[in-house]
Each structure stands twice: as structure tokens, then as C-alpha cells.
Amino acid sequence: MLQKMHEAMAHPKVKKTQEEINVAMGLPRNVNFTPPSKGSELFLFRPDGDGPVPGYALPMFKDEDGDEAHEFLMEDEETGELKMR
């Protein structure tokens, strides 16, 4: 089974797709992606709360009630369909 997987990974179409995935993840085109080893930490405790906090990728909108969201769906009273607002 592993031998067949190794052969499949050498196929040009699979290699090209893997390169596209690497580029989409911001990695070099020819790097072999490997998950972290079992012993490495996935989360790092920051007791002072000074870790980086990413913001939202999209702007937030506020409705009449003060709710915030990336988008709001409103029901059309005539048709009953949901429409973005």
C-alpha cells in the first residue's frame, strides 16, 4: 500500500496539485509538508495574555439592534426568501 502511495505521489498531476496546495498555504512550491511531531506543542500558554490576536478578515456590519456580523440575511415579507442586506 505504501509503495503504491509513493508511486502515486510521483505522478505529474499529483505533484502539480501538491505544489498548488503549498502555494495556497504560503509555503514554497517544492516543500514537503509534514505535520508537527507528537512531542511538539500545538498551543503555547501566554500567562500575560500578550500573544498575537488576529482581527477579522472581513469588515463587520451593525444592524438596527446593534448586532455585529459579516453579513445579515433578511426575510423578504412578500416572497419569504432570504436576502443579503
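Residues numbered from 1 in each chain as written. Predicted model: local features only at pLDDT ≥ 70, side-chain atom pairs only at ≥ 80, totals over all residues. Heavy atoms only, no water.

Draft legend 1. Broad picture of the pattern of salt bridges. Across all of its chains, the model carries three salt bridges by this definition. The shortest N-O distance in the salt bridge between Glu20 and Lys16 comes to 3.6 Å. Within this pair, Glu20 and its partner Lys16 are both found in helix α2 (residues 12-24), separated by four residues, close to a single helical turn. Since its relative accessible area comes to 43%, Glu20 is described here as partly exposed. The residue Glu19 makes a salt bridge to Arg29 at a minimum N-O spacing of 3.9 Å. Residue Glu19 is found in helix α2, and its partner Arg29 is found in the loop between α2 and β1 (61-62); the two are separated by ten residues along the sequence. The class for Glu19 is partly exposed, based on a relative accessible area of 28%. (Salt bridge = Lys/Arg side-chain N within 4 Å of Asp/Glu carboxyl O. Helix = DSSP H or I, 4+ residues; strand = E, 2+ residues; numbered from the N terminus. Buried < 20%, exposed > 50% of the residue type's maximum accessible area, 1.4 Å probe, protein only.)

Draft legend 2. Spotlight on the side chain of Asp63. Here Asp63 lies in the loop between β1 and β2 (68-69). Of the polar contacts made by the side chain of Asp63, one reaches the backbone nitrogen of Asp65; its length is 3.1 Å. (Polar contact = N/O pair within 3.5 Å; in protein donor to acceptor, adjacent residues only side chain to side chain.)

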